[in-house]
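Residues per chain, in single letters:
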Amino acid sequence: MSIDPALWSKLHGASTHFPVALTMAAALFDSLGFILPERSGHKAKLHAAGYYAIILGALGTFPAVLSGLFLTKGVVLGHDALLYHHLFVWPAFAVLVALGVWRALVGEKFSERGFRLYLVGLLLTAGLMAAAGYWGGELILNS
Amino acid sequence: MNSSLEAKALGLALIVASASLGGAWGSAFFIQSHVTFVSSDFQGESLPGDITSSPVLIAQGREFFTMSCAECHGDDALGGDEAPNLHHLVISNARIAKTIKKGIKDEMPMFAKKYDAHQILSLIAYLRSLH
């Protein structure tokens, strides 16, 4: 197989922003939905938005991860900025997939305690994604 | 009340997440061993001419490398005790140039005064020629 590397650079750039933005959106919607009182009338809508955002975000990580692997010719860790990128990417990827699967299965039938844990994981992952994106940007922008 | 659903979902979530991570690392291994790339400059930006096709430039870069860089990065840039291997660099040419010019704080000296733009280009050509 022979592949033009510039293509992977473009594909990675095009695909990485979706999961990052969707994870942040999911964290925002589901946190607001959790915090707002029932009488606000927005709870259900916000949780629905959080539900779809995390599922799409989790699905969106796969093209992002694959294009990145092709881009670096299969480097799992690397060094310098690429290493920092990966130290955030891999935990974010695994936890995001887990969160997406959990939320897809549980839907709106969550307990308060269960959802609180989910939100903590979600906020942490949003932070990891932001850091991964920062170091990914360093790899190209700061050049 | 829903804790059994939540627990089951968590179990499955962990399984799928592990499988995904394993799948990603497995693909990385596959890519390393089976996929060949057209050019070593994956960032896709081009330098004046194709620098790696100039044997003169590469030879000049090798000389500079032996003088200034080999003590840390090893004779053939294969890495030393403290400094990394420089084969198959995944950073852009512009970033390599910046690293050489500015150095890395507490890690690597700066060479902006020692080498001009063309000499730095030759160093990049040498590093890109390594396989």
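The structure we're discussing is the one just above.
Summarised in this report is the structure supplied together with it. (Residues numbered from 1 in each chain as written. Chains lettered and ligands numbered in written order. Predicted model: local features only at pLDDT ≥ 70, side-chain atom pairs only at ≥ 80, totals over all residues. Heavy atoms only, no water.)

1. So, unusual backbone geometry
All names here are of chain B.
Piece 1. In this structure, A77 is a non-glycine residue whose phi angle is positive, near 65°.
Piece 2. Note on placement: A77 falls in the loop between α3 (70-73) and α4 (93-102).
Piece 3. According to the relative accessible area criterion, A77 is buried, its value standing at 0%.
Piece 4. For D106, which is not a glycine, the phi torsion comes out positive at approximately 65°.
Piece 5. Looking at where D106 falls in the secondary structure, it is placed in the loop between α4 and α5 (117-129). (Helix = DSSP H or I, 4+ residues; strand = E, 2+ residues; numbered from the N terminus. Buried < 20%, exposed > 50% of the residue type's maximum accessible area, 1.4 Å probe, protein only.)

2. Some thoughts on the packing of helix α2 (residues 55-68) of chain B against α5 of chain B
Residues and elements named next belong to chain B.
Piece 1. Running from amino to carboxyl end, α2 crosses α5 at an angle of 95°, the nearest separation of the two axes being 7 Å. Overall, the two elements α2 and α5 adopt an arrangement that is roughly perpendicular. Contacts from L57, I58, Q60, G61, R62, F64 and F65 of α2 reach α5 at H118, Q119, S122, L123, A125, Y126, L127 and S129.
Piece 2. Broken down by class, the residue content of the contact of α2 with α5 amounts to eight nonpolar, six polar and one charged. (Axes fitted to C-alpha atoms, helices over the stretch in contact; angles between N-to-C directions. Parallel < 35°, antiparallel > 145°, perpendicular 65-115°, else oblique. Contact = heavy atoms within 4.5 Å. Nonpolar A, V, L, I, M, F, W, Y, C, P; charged D, E, K, R; others polar.)

3. Considerations on α2 of chain B
All names here are of chain B.
Piece 1. A rise of 1.5 Å per residue sets the reference length of α2, with its 14 residues, at 20 Å; its end C-alpha atoms lie 20 Å apart and thus fit the reference within 8%.
Piece 2. Turning to α2, its buried residues are L57, I58, G61, F64, F65 and S68. Projected down its long axis, α2 carries its buried residues within an arc of 125°, all on one side. In α2, the exposed residues that point more than 90 degrees away from the buried face are P55, V56, E63, T66 and M67.
Piece 3. The inward-facing, buried residues of α2 abut α3 and α5. (Expected span 1.5 Å × (residues − 1). Arc of directions from axis to C-beta.)

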